[in-house]
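If you want the building blocks of each chain, they are given just below.
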Amino acid sequence: LVAAVTDVLNREGRTLATYSLESGPQGYRPLREFLAGKLKHQAGIDCSADNILLTSGSLQGIDLVNQVLLSRGDTVIIEEATYGGCLSRFERLGVTAVGVPLDSDGMRMDALAEILDDLRQRGSTPKFIYAIPTIQNPTASIMSAERRRQLLALATDHGVPIVEDECYSDLIWDGQRPPAVYSLDDSARVIFLGSFSKSIAPALRVGYVVAPWAVLSRVLACKTDAGSGALEQMVLAEYCARHFDEHVVALNKTLKEKLDALVDALAEYFGAAAEFEVPKGGIFLWVKLPPEVDTTKLAQKAAEAGIAINPGAEWSVADADGRRSLRLCYANPTVATIRRGVAALAEVSNREFGVPSRIANVKRS
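This text gives an overview of the structure that appears in the document. From a predicted model like this one, the values you see are computed outputs, not experimental measurements. (Residues numbered from 1 in each chain as written. Predicted model: local features only at pLDDT ≥ 70, side-chain atom pairs only at ≥ 80, totals over all residues. Heavy atoms only, no water.)

A short note on the overall build of the protein
For the protein, the helix and strand inventory stands at 12 helices and 12 strands. Expected size for 365 residues packed as a compact globule is a radius of gyration near 21 Å; at 21 Å, the protein falls within 12% of this value. Projected onto its principal axes, the C-alpha coordinates of the protein cover approximately 65 × 60 × 35 Å. Residues classed as buried in the protein amount to 53% of the 365 residues present. (Helix = DSSP H or I, 4+ residues; strand = E, 2+ residues; numbered from the N terminus. Rg over C-alpha atoms; globule rule 2.2 N^0.38 Å. Buried < 20%, exposed > 50% of the residue type's maximum accessible area, 1.4 Å probe, protein only.)

Regarding a nonpolar patch on the surface
A contiguous nonpolar surface patch, about 220 Å² in accessible area, is contributed by Leu9, Leu16 and Leu231. Tracing the backbone through its elements, the reader meets leucine 16 in the loop between helix 1 (2–12) and helix 2 (29–43). Accessibility expressed as a relative area gives 39% for leucine 16, which makes it partly exposed. (Patch = residues over 30% accessible without salt bridge, like charges linked within 9 Å, V, L, I, M, F, W, Y side chains within 5 Å. Areas by Shrake-Rupley, 256 points an atom, 1.4 Å probe, with all protein chains shown as cover. Salt bridge = Lys/Arg side-chain N within 4 Å of Asp/Glu carboxyl O.)

Structural notes on the pattern of salt bridges
Under the criterion given, the structure shown has 24 salt bridges. Between aspartate 74 and lysine 127 there is a salt bridge, and its shortest N-O distance comes to 2.8 Å. Residue aspartate 74 is located in the loop between helix 3 (57–69) and strand 2 (75–79), and its partner lysine 127 is located in the loop between helix 5 (109–121) and strand 6 (129–131); the two are separated by 53 residues in the primary sequence. Its relative accessible area of 14% is what places aspartate 74 among the buried residues. Exposure remark for lysine 127: the relative accessible area of 31% places this residue in the partly exposed category. One salt bridge connects aspartate 321 with arginine 324, and the closest N-O pair in it is separated by 3.3 Å. A residue pair is termed a helical-turn pair when its members lie 3 or 4 positions apart in one helix, as aspartate 321 and arginine 324 do in helix 11 (residues 320–324) at 3 residues. Several salt bridges share partner residues, and in doing so they unite Asp7, Arg11, Glu12, Glu238 and Arg242 into one network.

Points about the packing of helix 5 against helix 6 (residues 145–158)
Contact pair helix 5 / helix 6: the axes reach a minimum separation of 10 Å and the direction vectors enclose 5 degrees. By the angle between their axes, helix 5 is roughly parallel relative to helix 6. Taken together, the residues of helix 6 that come into contact with helix 5 (itself represented by Met109, Leu112, Ala113, Leu116, Asp117 and Arg120) are Arg147, Gln150, Leu151, Leu154, Asp157 and His158. Counted by class, the contact of helix 5 with helix 6 contains 6 nonpolar, 2 polar and 4 charged residues. (Axes fitted to C-alpha atoms, helices over the stretch in contact; angles between N-to-C directions. Parallel < 35°, antiparallel > 145°, perpendicular 65-115°, else oblique. Contact = heavy atoms within 4.5 Å. Nonpolar A, V, L, I, M, F, W, Y, C, P; charged D, E, K, R; others polar.)

So, to be careful, I would describe these as geometric facts and stop short of saying anything about function.
What follows is the structure, given as structure tokens:
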């Protein structure tokens, strides 16, 4: 990154004197061209740089899409457990979010069909279906290619757009991912969201929206911030063209080692009290504890002990499982910290809820 900063500033630093970087309002063109190639190779998406808008993180992309498509009182369809940032946004906008149950393959299409049919019978058409098909947040499931086709078929039949959030799709251990829903769509109903936050650096705040121009032009018209950070875009374009693939391979190896440490620590300190499915990628693990545990209260007590967790109620539509679930993010801590953290969390949980009923005697430095 240091080398990329130096090289790109020496070559193109003078373009920082203009808002558009000589690339137009959609963002630094070399980065958009890199993304067009990356999406074609990895996700099967056939688009040009002109179908891509660079944003200040994928959250800005979500906000822009919401601004274009949503009004107070609208209905959207989401996964029953989903990104907490979206749930809070829908609540602030006065939008009703209807949750679809999940299984190990992601959003259940039988349940989605029932929900869409019920809404149709009541004369209601949701404004869009928001889905995270690849490394679903928070469950980390990966939707199969067949189920993606079913999702698209149902959306087409009911005349509903799809917002496909793929922020984690680079983080798959074996590097193999199903085609994006966007790549299967010939009806221009899918909007694709992506980010460099998880693959390169969260603090760079660079995301992107991919959509047909008829939609993207409306999104671009709502982006009234005079342009996202130029230097970040320039550095990413310079770095990614040379190093992205090898970096992601190394990153996934490190993340897999951390996940293995987390899974081993949960087995040691929580035993059968912690239920989860080991994911094939990502940066988080979705854990269910026994029904007597309220993870919102657990999060408060854990914070007092210096442990950060995401309580399930903040990441799911109101249901019993959300109350007893928690999201553990393992990307940043070291393996040693992960083990100490799980041991300490077990102590807090045992003290507050009697879960697990017995905990290992651990010496923590």
